Amino acid sequence: MTDSGDELLVLIDGSSYLYRAFHVPNLQKLSNAQGEPTGAVYGVINMVRKLIQEHHPAHIAVVFDAPGKTFRDELYPAYKANRPPMPDELRCQIEPLHAVIRAMGIPLLQVEGVEADDVIGTLARKAAERGRRVLISTGDKDFAQLVDERVQLVNTMSGTTLDPAGVQEKFGVPAERMIDFLALVGDSSDNIPGVPGVGPKTAAKWLGEYGSLEGLKADATAVKGKAGENLRASLDQLELSRQLATIRCDLELETDPEQLAPSEPDTESLRELFTAMQFRSWLRELDEAAPAAPAAAQADYETILDEERLAAWIEKLRGARLVALDTETTSLDYMEAQLVGISFAVEPGAAAYLPLAHDYPGAPEQVPLARALELLKPLLEDESLPKLGHHIKYDLNVLSNAGVALAGVRFDSMLESYVLESTASRHDMDTLALRHLGRTTIRYEDVAGKGKKQIPFNAVDLEQAAPYAAEDAEVTLCLHRELWPRLEAEAGPRAVFEEIEVPLIAVLARMERAGVLVDVAMLRRQSGEIARRLLELERQAFEAAGQSFNLASPKQLQEILFERMGLPVLAKTPTGQPSTAESVLQDLALDYPLPRLILDYRALAKLQSTYTDRLPEQVNARSGRIHTSYHQAVTATGRLSSSDPNLQNIPVRSDEGRRIRRAFIAPPGHRLLAADYSQIELRIMAHLSGDERLLAAFAANADIHRATAAEVFGLKPDAVTPEQRRAAKAINFGLIYGMSPFGLARQLGIALNDAREYVERYFTRYPGVQAYMEQTREQARERGYVETLFGRRLHVPEIRARNAAQRAAAERMAINAPMQGTAADIIKRAMIALDGWLAARGGGARMIMQVHDELVLEVPEDGVEPVREAVRSCMQEAAELRVPLLVDIGVGANWDQAH
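Before going into details, it helps to say that this report is about the structure given with it. Being a predicted model, the structure only gives us computed values, none of them experimental.

1. So, the packing of helix H32 (residues 722-736) against helix H34 (residues 752-765)
Okay, so step 1: The contact between H32 and H34 brings their axes to 11 Å, and the two run at 70°. As judged from the angle between their axes, H32 and H34 are roughly perpendicular. In this structure, H32 contributes Ala 727, Ile 731, Asn 732 and Leu 735 to the contact, and H34 contributes Tyr 758, Tyr 762 and Phe 763.
Okay, so step 2: In the contact of H32 with H34, the residues fall into 6 nonpolar, 1 polar and no charged.

Laid out in structure tokens, this is it:
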């Protein structure tokens with residue numbers, strides 16, 4: 001079983017790949033014995049292979065332009081009129097290229113009447129709206145208009161990526177202004193007119209001054225010089241340029257992002273194609289991989305159906321240096337999962353599956369569950385017998401449900417992969433087996449079916465179930481043998497694995513099973529109150545708009561705000577429609593009441609659907625409590641994440657959010673104790689940088705934001721105004737996250753020059769911080785990674801990228817990761833120490849939640865004080881810094897009271 005995370009969709013701009021590969025000089029010389037050109041095929045496939053190896057996407061598609069005209073040709077007959085016809089030596093490579101892609105099992109898309117850009121835009125937007133991460137692989141700058149928190153671009157030829165900060169850095173405008181930017185600059189290759197003589201710098205300058213294309217057009221008479229004349233002469237055609245530059249994201253496609261999972265490669269077709277094109281190295285790969293492909297068929301897998309064979313395997317396990325195990329169950333929910341079987345492996349190529357509850361008609365007789373556990377329990381609970389799993393926390397919980405306290409966990413191949421490469425997108429067994437072992441494993445869907453036809457594992461025939469289950473244990477062992485030597489050789493990562501991540505497995509498992517009590521009646525009352533408040537907000541919105549409309553409909557909201565009410569259009573969607581995104585509404589809300597009402601409505605509706613309505617449904621029927629899943633192998637920096645429900649995203653700043661926390665309650669006779677590190681990342685910055693003024697401020701227990709304001713503005717601390725303290729707080733936290741003067745200016749609503757001056761003053765007063773940042777950047781460039789105080793590594797290969805925006809993003813990550821990662825390590829160490837103290841003391845106190853820098857415990861009323869002191873001690877002594885670690889502790893009947 002594996003940790004869940006956002007699944008990645010990779011969309012490849014095949015048309016862009018094709019032309020770029022064709023124009024690589026070395027590839028232009030490639031041809032087969034018949035003289036047929038093959039360079040473009042080789043170049044494209046090489047880029048696709050590299051992309052898959054680096055990102056391991058769950059879903060992928062290569063999208064090409066379809067032959068024929070598109071809606072843009074109808075809109076503007078001169079569109080792309082300047083492009084020369086495709087060379088014959090490129091045209092003849094298209095069909096074999098498509099054949100190779102399809103044989104690789106990669107979905108290939110062509111849609112008539114639209115360009116590949118629009119297909120990619122539509123799929124990307126749909127996937128992002130469902131919470132997926134999307135990576136668009138292209139060299140085309142037009143795609144920058146699609147970039148947001150979930151959609152990024154990667155240029156495989158240069159190895160550079162673009163996130164929102166990168167778009168701003170590269171083009172000088174945010175991604176949401178890229179369409180306006182492209183309309184102004186034009187595109188000679190596509191024959192998009194733009195404004196004559198206006199280049200990227202002028203376009204970015206205008207959009208920075210006037211906010212948007214609409215704002216620029218409205219004030220065009222104020223633009224001076226020749227550029228102003230050209231602008232005014234181009235006003236009539238700017239909207240056309242804008243429409244031509246806009247990537248459509250609203251196509252009615254027959255293909256959904258969920259349908260873009262890659263299939264198994266057709267190796268015979270690939271062999272024929274590679275032979276014809278004489279791609280010898282890839283042919284060798286096929287030949288080398290062929291014998292190892294049916295791994296399960298070659299391996300010696302046994303099905304244990306009687307006590308005699310079970311006893312023989314128990315003896316074998318007892319004599320092993322390391323036991324790899326995996327459980328098969330009825331559910332992915334560890335609180336609901338019932339044991340169906342257990343698999344074991346002690347050497348590569350051999351494993352056994354012990355079925356315990358396969359109950360389909362005609363299923364063979366199996367060792368009774370109670371008897372099997374009676375025989376296995378001494379072995380499974382033996383601390384001296386080392387054990388290994390892949391995401392073994394799940395197995396630990398499942399076995400606990402069955403009355404077995406699994407002990408002796410020494411290794412977890414998922415966590416080995418994570419500690420070695422935390423920035424890798426996936427650490428599931430199937431991905432790692434392909435990446436590290438070259439093995440394609442049996443998938444769950446292969447034995448249990450898909451979708452509505454999927455059956456529970458206990459209903460799977462043992463002829464199929466046994467090889468699947470046994471393979472899990474055997475592959476886990478093989479992964480460990482591949483990963484552990486690499487981890488063992490690195491002192492820092494090894495210490496993180498052995499001293500933090502592995503000990504934390506049992507701690508988190510106990511927290512998960514403990515769960516947290518919620519007041520369901522209170523949540524339902526809150527849901528009703530929110531519903532009434534939503535009705536009131538709806539009434540007020542109707543009154544402000546002068547008519548009723550669907551507040552959840554962007555289209556109707558566009559009509560009300562921008563057509564009927566005439567509010568200024570601050571941004572547009574990729575399809576050219578006025579945007580009603582939250583950032584736009586926030587800006588409009590400063591001057592108009594309706595956008596504020598819409599924002600309030602959206603925030604409340606999200607609270608209702610995500611928490612007050614949903615949490616009661618997630619109460620476990622057996623325990624009467626909510627049980628989240630904590631994930632160790634998701635975030636790049638080492639922080640834990642949680643899901644089902646995500647307790648780490650429950651809002652704390654709004655009144656409604658705090659009311660939801662009031663529904664998290666202590667049972668009778670108990671109290672909730674919440675302990676939160678105070679400004680831990682700033683304290684880590686002080687320690688790592690060694691800046692004397694910063695260290696002195698923390699040593700004096702000063703208000704660090706007031707102290708910073710006093711330094712930056714040259715004042716005495718008691719003369720600092722609330723506004724100056726707010727600015728200093730933004731600087732303190734902003735620098736940790738790599739905020740630029742531009743970002744600071746936006747956050748504080750001040751001029752860019754003022755923000756730049758604030759940052760310069762900060763570094764003048766805190767030179768140690770600036771020196772630390774520069775030293776960290778340099779170390780990252782030299783080593784390719786940064787480290788936490790305890791040796792956790794975050795690899796930042798893009799810090800050596802040629803692209804300035806990509807380098808800047810990597811530098812921001814390099815500066816932040818040691819602080820955020822060290823904070824994550826510190827609270828994990830505190831949890832391990834506290835868990836040991838609680839176990840030794842007894843008395844019923846237990847950890848029930850971890851939320852960022854906060855621990856929440858459930859404590860008997862008569863034991864609060866000793867637990868409070870133990871919590872403080874464990875948390876403050878989890879690291880030795882040059883500044884004191886402070887912990888704020890509160891106690892109450894509910895989470896809000898204790899916070």
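Picking up where we left off.
2. Describing the packing of aromatic side chains
Okay, so step 1: According to the stated counting rule, one finds 18 aromatic pairs in the structure shown.
Okay, so step 2: Taking 5.0 Å as the distance between ring centres and 65° as the angle between the ring planes, the aromatic pair formed by Phe 411 and Trp 484 counts as edge-to-face. Taken together, the positions of Phe 411 in strand E12 (residues 409-412) and Trp 484 in helix H21 (residues 462-488) put the pair 73 residues apart, joining distant regions of the chain. Each member of the pair, Phe 411 together with Trp 484, is buried.
Okay, so step 3: Judged by its relative accessible area of 10%, Trp 484 is buried.
Okay, so step 4: By the ring-pair criterion, three or more aromatic residues cluster together here, those being Tyr 42, Phe 274, Phe 279 and Trp 282.
Okay, so step 5: A cation sits over an aromatic face here: Lys 316 above Trp 313, 4.1 Å from the ring centre.
Okay, so step 6: The cationic tip of Arg 661 hangs over the ring face of Trp 895; the distance from NZ or CZ to the ring centre is 4.0 Å.

3. Section: the sheet that holds strand E8 (residues 323-329)
Okay, so step 1: With respect to topology, 6 strands assemble into an open sheet ordered E7-E10-E9-E8-E11-E12, the strand pairing being mixed. This sheet does not close on itself; its edge strands, each paired only once, are strand E7 (300-303) and E12. Going from strand to strand, the sheet's axes swing by 25° on average, the running direction of each strand aside.
Okay, so step 2: Helix H17 (residues 392-401) rests against E8, strand E9 (339-347), strand E11 (387-389) and E12 of the sheet, and its axis sits at about 65° to E8.
Okay, so step 3: Each of E7, E8, E9, strand E10 (350-355), E11 and E12 touches H21; the most contacted strand, E9, lies at about 45° to it.

Criteria and cut-off values
Residues numbered from 1 in each chain as written. Predicted model: local features only at pLDDT ≥ 70, side-chain atom pairs only at ≥ 80, totals over all residues. Heavy atoms only, no water. Axes fitted to C-alpha atoms, helices over the stretch in contact; angles between N-to-C directions. Helix = DSSP H or I, 4+ residues; strand = E, 2+ residues; numbered from the N terminus. Parallel < 35°, antiparallel > 145°, perpendicular 65-115°, else oblique. Contact = heavy atoms within 4.5 Å. Nonpolar A, V, L, I, M, F, W, Y, C, P; charged D, E, K, R; others polar. Phe/Tyr/Trp six-rings, centres within 6.5 Å; stacked < 30°, edge-to-face > 60°. Buried < 20%, exposed > 50% of the residue type's maximum accessible area, 1.4 Å probe, protein only. Lys NZ or Arg CZ within 6 Å of the ring centre and 35° of its normal. Pairing = 2+ DSSP bridges.

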